[in-house]
Amino acid sequence: MSGTYLGMPAFPEAAREAVADERLRGNLRHATQTIRAKRARAVAEVSDWAGLREAGKQIKDHTLRHLDRYLVQLEESVTAAGGVVHWAADADEANEIVTRLVRATGESEVVKVKSMATQEIGLNEALEAAGIRAYETDLAELIVQLGDDRPSHILVPAIHRNRGEIRDIFRDRMASWGRPAPGGLTDTPAELAEVARLHLREKFLRAKVGVSGANFMVAETGTLVVVESEGNGRMCLTLPETLISVVGIEKTVPTWQDLEVFLQTLPRSSTAERMNPYTSTWTGTADGDGPRAFHLVLLDNGRTDTLADEVGRQALRCIRCSACLNVCPVYERAGGHAYGSVYPGPIGAILSPQLRGTASEIDASLPYAPSLCGACYEVCPVAIDIPQVLVHLRERVVQGGEAVRGGNKVVLRPAKGHAAERAAMRAARWAFTHPGALRAGQRAASRTRRFHPRTLPGPGRAWSGTRDLPQVPAEPFRDWWRRTGGGKDGAK
């Protein structure tokens, strides 16, 4: 399966199928409501949450403005600490680098920390094609991998599965991946966790190569940081002889002091904990401690293009907490698979179309997936104005769609399926630039108001089925203003 799921149907079609699955809706409703209630309590304990949120936003914006300088500093720091830095312009280049590094060790298997970046580039599939097996060690990622499934949540990839389904997956599939599940396995959480622990322990002790992502990279010291809740990350980061980390360039922060803010906001926003159980940091290599070889693959894969967009670049602030998913009414009902990306929910609806472009049907539909209710912005710990970016991307889809090079300049190729919207916007632009025509149209609309329908015909009936169209005033505002002298005669 692909890490980007290109070729999937557009969001409305995929969501329609997902919403029809009652068990899926029940799993999502229970999980998201539980997580967001716990998060609300955890955030309420912090008196200066608004200040921390603003500080996180400012740190991220500053770093993105000077990312070129901080990336060079990061490379110098990692190299000085004994690590090797590789630059990957896209997914293919990143996969080629990692595959080459694993082959150089002579190994044919790797253990992995949960990593959105490696899922984004489809690393597992690339390694498999090269004869290298990658084992996911995060419990939820293990469930997804054993079930030949796809992640549906940033923080809880198997959120769409209940305990009974997980038990069946362990019972039926574990043996083909390593230590089998015992007979008589129940769906008790403690028993399921113990079975997974025993299954994974063999892989931790055997593997010579580990692959990770990182939540943050500190430019001043070349330190990488992974925060997690299970301890699997600690095992992957310390036991293998070779560690390869694939990290998006936007994960850079300037100093250790900057981590203070994010290590307070990330746990509360993601797992509703005051602090995460495991915080692993590593800087290059050290004699007798941890891997003997460390490689850092810095991934672009559309991030530079996103950075160039003054409105859309704020998506690169994201610290992958998933709080926006847990409050989104659309995600709660449709789940993550409908988004056709490893980044589902509101953040995926603005990040995926920027990283991948809007040429495909699924990517062109994503900015229209969320409802613009604004709940995602309210809970974002780095204040990403997701509704603003959604509207911005909708404009891009309607006005242009795919960027193509024509001669010496880049132009926007007209998007398919939005001819009516473009025609309406052109008509509105013409009317607003011709005051006489606008005035005549307003007067005509007022004089015929009694004949206006209360619902829209045709395809618009679905929208107006639960809404009345706004009534047209008895006279245009300009006529009222002229007649009343700007309201000075007391007319209402």
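Keep in mind it's a predicted model, so treat the numbers as computed, not measured.

Rules used in this analysis
- Residues numbered from 1 in each chain as written.
- Predicted model: local features only at pLDDT ≥ 70, side-chain atom pairs only at ≥ 80, totals over all residues.
- Heavy atoms only, no water.
- Phe/Tyr/Trp six-rings, centres within 6.5 Å; stacked < 30°, edge-to-face > 60°.
- Helix = DSSP H or I, 4+ residues; strand = E, 2+ residues; numbered from the N terminus.
- Buried < 20%, exposed > 50% of the residue type's maximum accessible area, 1.4 Å probe, protein only.
- Lys NZ or Arg CZ within 6 Å of the ring centre and 35° of its normal.
- Salt bridge = Lys/Arg side-chain N within 4 Å of Asp/Glu carboxyl O.
- Core = buried A, V, L, I, M, F, W, Y, C linked by side-chain atoms within 4.5 Å.
- Contact = heavy atoms within 4.5 Å.
- Pairing = 2+ DSSP bridges.
- Axes fitted to C-alpha atoms, helices over the stretch in contact; angles between N-to-C directions.

Chemist: Before we go on, may I ask you to explain the packing of aromatic side chains in this structure?
Modeler: Where two aromatic rings form a pair, the distance of their centres and the angle of their planes describe that pair. In the structure shown here, the tally under the stated rule is eight aromatic pairs. Judged by centre distance (6.1 Å) and plane angle (75°), the ring pair of Tyr135 and Trp177 falls under edge-to-face. Note that Tyr135 is positioned in strand β3 (residues 133–136) and Trp177 in the loop between α9 (163–173) and α10 (189–206), a separation of 42 residues in sequence. There is no split in this pair, since Tyr135 and Trp177 are both buried. Through pairs of rings, three or more aromatic residues link up here, namely Phe11, Tyr331 and Tyr339. Positioned over the ring face of Tyr377 is Arg53, at 4.9 Å from the centre of the ring. The ring of Tyr135 is capped by Lys203, whose NZ or CZ atom sits 4.6 Å from the centre of that ring.

Chemist: How do you make sense of the pattern of salt bridges when you look at a structure like this?
Modeler: Opposite charge on two side chains permits them to pair, given that their charged atoms come into close proximity. One pass over the full model with this rule turns up 25 salt bridges. Among the salt bridges present, the one from Arg197 reaches Glu194, with a minimum N-O distance of 2.8 Å. Note that Arg197 and Glu194 are positioned in helix α10 at a spacing of three residues, about one turn of the helix. Via salt bridges that share partners, Arg23, Asp149, Arg161 and Glu165 belong to a single interconnected network.

Chemist: Can you help me understand the nonpolar core in this one?
Modeler: What tends to happen in soluble globular proteins is that the nonpolar side chains get buried as a cluster. Membership of the largest hydrophobic core comes to 102 residues, with the highest contact counts inside it found for Phe11, Phe170, Leu296 and Ile350. Residues in contact with Phe11, not counting those within four places in the same chain, are Val330, Ala334, Ala338, Tyr339, Ile362, Ser365, Leu366 and Ala369. Counting residues in hydrophobic clusters, the runner-up holds 20 residues, among them Leu101, Val110, Leu123 and Val211.

Chemist: Looking at this model, I keep getting lost on the sheet that holds strand β8 (residues 252–253). Mind explaining?
Modeler: Backbone-to-backbone hydrogen bonds join strands into a sheet, with any given pair of strands oriented parallel or antiparallel. One open sheet holds the four strands; their spatial order is β8-β5-β6-β9, and the pairing between them is mixed. Both outer strands of the open sheet, β8 and β9 (278–283), are each paired with one neighbouring strand and no more. Summarising the sheet, strand β5 (residues 216–218) and β8 pair through two bridges and their orientation is parallel. Paired with Met217 across the two strands is Thr252, which belongs to β8. Of the strands in this sheet, β5, β6 (223–228), β8 and β9 touch helix α12 (residues 256–270), which is tilted by about 165° from β5.

Chemist: Mind showing me how you'd approach the sheet that holds strand β4 (residues 209–212) here?
Modeler: Reading across the sheet, the six strands line up as β1-β10-β7-β4-β2-β3 and stay open at both edges, with parallel pairing between neighbours. Each having just a single partner strand, β1 (84–88) and β3 make up the two edges of the open sheet. Between one strand axis and the next, the sheet turns through 25° on average, direction left out of account. Bridge count for β1 against strand β10 (residues 293–299) is five bridges, and the pairing is parallel. Of the residues in β10, the one forming a bridge with Ala88 is Leu299. Taken strand by strand, helix α5 (residues 91–105) contacts β1, β2 (109–112), β4, β7 (242–248) and β10, and its axis lies near 145° from that of β1.

Chemist: Looking at this model, I keep getting lost on unusual backbone geometry. Mind explaining?
Modeler: Negative phi is the rule for most residues except glycine; trans is the rule for most peptide bonds. The backbone of Ala272 shows a phi angle near 60°, a positive value even though the residue is not glycine. Note on placement: Ala272 falls in the loop between α12 and β9. The class for Ala272 is buried, based on a relative accessible area of 16%. Positive phi, normally seen in glycine, also occurs at Leu372, with a value near 65°. Its place among the elements puts Leu372 in the loop between α17 (361–365) and α18 (375–379). Looking at Leu372, the relative accessible area reads 35%, which means it is partly exposed.

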